[in-house]
Amino acid sequence: LIEAVNAREILDSRGNPTVEVEVLLDDGIVQRAAVPSGASTGAFEAYELRDGDKGRYSGKGVLKAVAAVVDELGPAIEGVEASEQRIIDEILIETDGTENKSRTGANAILGVSLAVAKAAADSADLPLFRYLGGPNAHLLPVPLFNVINGGEHADNGIDFQEFFLAPIGAETYGESLRWGTEVYHVLKGELKSAGYNTGLGDEGGFAPDLPSNREGLDFLIRAIEKAGFTPGKDIAVGLDVAATEFYKDGVYTVEGKEWSVDTLVDYFADLVANFPIVTIEDALAEDDWDGWKKLTDAIGSKVQLVGDDLFVTNPKRLQQGIDLGVANSLLVKVNQIGTLSETLDAISLATRSGYTSMLSHRSGETEDTTIADLAVAVNAGQIKTGAPARSERVAKYNQLLRIEEELGAAAVFAGRSAFPRFKG
Ligand code: PGA
Ligand code: ZN
């Protein structure tokens, strides 16, 4: 039974305050969870409650959310069995009482929801992935390493936010981690010798001032080859365009020019024809449903089209996309929706509808590794949690090493099968 719930304000990887929650059970178990925070957040995400008190952390403090945990959300679940995750999440949602979790804050609610799951797993003496996924949890995800950072995550001129390496040809997760990391280091050398800055962006990728988005993909391919791998066969590439950030009044501003959606769709079709691209996330803006439909009809059979800001891990928005035949993959961010149960609902809906799921960190992260366990629990086959550098990113990749070791002979690396539409 849940005996007590505590919360505190801690710092995330960008030096901004965030919520950490501790749950104490009557058997003496204590577990904690910390909440991440985005920069290129979708307009339809659950509400992140910040204090707005300019005298502390420029208004970004989370003492109100902390108080909501201690005074309201915690007391509401005291005495409930920790394994009753769905009932607990329902109580949290009802206690908040708003559609987008804006009263107590989705950051407060998520901290409690995740800490409860971890405490219940510990109390059952199970690793989190096993507790959440049961006996069938066995699939190690392909890590999508964000090795070039642009958009809102860096101070360079690159419009697209993320450039991924996807080591789909590896035999094991551990091998995929090594491959991606080796290419990351080669990429640094390539950027340096071409005269670019090799400072890092928010997610640990390099943030060079490249002249075009295409140049970013060229650098990835060169680095993959120079590290001794075959592009497409061993290591594929991918993008998170985060197009909402450069969309306004029906116009996309890319590389200083104004592009119509048709021009942009042709541009992506050309990229997919010329690079071994397995996945493109948020290629278009979060409310451009017509554009998304055109894009999906044009290239959806050849490449994974992931909805992040578009779906915000929300089963209702995802259902809308499924009904319209828009995108074919769900980005899963626990703090976009705010409870573990709703996150699992979104993933189930995606799977039932033939959509793939990619587990995801946020650009503001902590040492919490829950998403690594979640990826294996649901056999998602894909995870993105930044570059193979910076501890808040590497913490998740390292946790997956431990899970692979724990699974032993039962572990299967998703590899190419994670991207059923990729034929390249
Ligand atoms: P965010 O970026 O965490 O800043 O929203 C990640 C993403 O867009 O996938
Ligand atoms: Zn995104």
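Criteria and cut-off values
- Residues numbered from 1 in each chain as written.
- Chains lettered and ligands numbered in written order.
- Predicted model: local features only at pLDDT ≥ 70, side-chain atom pairs only at ≥ 80, totals over all residues.
- Heavy atoms only, no water.
- Donors = N, O, S within 2.8 Å, 3.2 Å for Na, K, Ca; no water.
- Helix = DSSP H or I, 4+ residues; strand = E, 2+ residues; numbered from the N terminus.
- Buried < 20%, exposed > 50% of the residue type's maximum accessible area, 1.4 Å probe, protein only.
- Near = heavy atom within 4 Å.
- Polar contact = N/O pair within 3.5 Å; in protein donor to acceptor, adjacent residues only side chain to side chain.
- Areas by Shrake-Rupley, 256 points an atom, 1.4 Å probe, with all protein chains shown as cover.
- Nonpolar A, V, L, I, M, F, W, Y, C, P; charged D, E, K, R; others polar.
- Expected span 1.5 Å × (residues − 1).
- Right-handed = clockwise from strand over helix to strand, strands pointing away.
- Pairing = 2+ DSSP bridges.
- Axes fitted to C-alpha atoms, helices over the stretch in contact; angles between N-to-C directions.
- Parallel < 35°, antiparallel > 145°, perpendicular 65-115°, else oblique.
- Left-handed = near helix turned anticlockwise from the far one by under 90°.
- Contact = heavy atoms within 4.5 Å.
- Phe/Tyr/Trp six-rings, centres within 6.5 Å; stacked < 30°, edge-to-face > 60°.
- Lys NZ or Arg CZ within 6 Å of the ring centre and 35° of its normal.

Visitor: Sorry, what's going on with the coordination of the zinc ion (ligand 2) here?
Guide: Tetrahedral metal sites with four donors have an ideal angle of 109.5 degrees; octahedral sites with six donors have ideal angles of 90 or 180 degrees. Coordination of the zinc ion (ligand 2) by the protein involves Asp240 (OD), Glu281 (OE) and Asp308 (OD), with metal-donor separations of 2.0 to 2.2 Å. In the primary structure, the donors to the zinc ion (ligand 2) are separated according to the pattern D-x40-E-x26-D. Separated by 27 residues along the polypeptide, glutamate 281 in strand β12 (residues 277-281) and aspartate 308 in the loop between β13 (304-307) and α9 (315-324) bring together distant segments of the chain. Judged by relative accessible area, aspartate 308 falls into the buried class, the value being 2%.

Visitor: What's the story with the site of ligand 1 in this structure? I'm lost.
Guide: The local shell around ligand 1 holds 15 residues, among which Ala39, His153, Arg362, Ser363 and Lys384 are the closest. One of the side-chain nitrogen or oxygen atoms of lysine 333 is found 3.1 Å away from an oxygen atom of ligand 1. Protein contact buries 100% of the 280 Å² of open area that ligand 1 shows by itself. Class assignment for the residues of the shell around ligand 1 results in two nonpolar, five polar and eight charged.

Visitor: Can you walk me through helix α5 (residues 173-193) in this structure?
Guide: With 21 residues, α5 extends 31 Å between its outermost C-alpha atoms, agreeing within 8% with the 30 Å of an ideal straight helix rising 1.5 Å per residue. Remark: glycine 195 follows α5 within two positions and exhibits a positive phi of approximately 90°.

Visitor: When you look at the pairing of strand β14 (residues 329-332) in this model, what are you seeing that I'm missing?
Guide: Both faces of β14 are covered, namely the face carrying Ser329 and Leu331 and the face carrying Leu330 and Val332. Viewed along the sheet, the connection from β13 through α9 into β14 turns out right-handed. Bridge count between β14 and strand β15 (residues 356-360): four bridges; the pairing is parallel. Bridge pairing in β15 places leucine 331 opposite methionine 358.

Visitor: Which parts of the structure should I look at to understand the packing of helix α12 (residues 370-377) against helix α13 (residues 391-407)?
Guide: When two helices pack together, their arrangement is given by the angle between the helix axes and by the axis-to-axis distance. It is the contact of α12 with α13, at a shortest axis distance of 8 Å, that shows an interaxial angle of 45°. Relative to α13, the element α12 lies oblique. Here α12 and α13 pass one another in a crossing that is right-handed. Contacts from Ile371, Ala372, Asp373 and Val376 in α12 reach Lys396, Gln399, Leu400, Ile403 and Leu407 in α13.

Visitor: What am I meant to see in the packing of aromatic side chains here?
Guide: For any pair of aromatic rings, the description rests on two quantities: the centre-to-centre distance and the angle between the ring planes. Applying the stated criterion across every chain, the model contains 13 aromatic pairs. Between tyrosine 184 and phenylalanine 206, the aromatic rings sit 4.6 Å apart at their centres with planes inclined by 15°, giving stacked as the arrangement. Highlighted residues: tyrosine 184 in helix α5 and phenylalanine 206 in the loop between α5 and α6 (213-226), separated in sequence by 22 residues. Each ring, one from phenylalanine 311 and one from tyrosine 355, has its centre 6.4 Å from the other, and the planes form 55°; the classification is tilted. Of this pair, phenylalanine 311 sits in the loop between β13 and α9 while tyrosine 355 sits in the loop between α11 (340-352) and β15, placing them 44 residues apart in sequence. Here the two residues phenylalanine 311 and tyrosine 355 agree in accessibility, since each one is buried. Among the aromatic residues, those joined into a ring-pair cluster are Phe160, Phe163, Phe246, Tyr247, Tyr252, Trp259, Tyr267 and Phe268. When the ring centre of phenylalanine 219 is taken as origin, the NZ or CZ atom of arginine 222, which lies over that ring, is 4.4 Å away.

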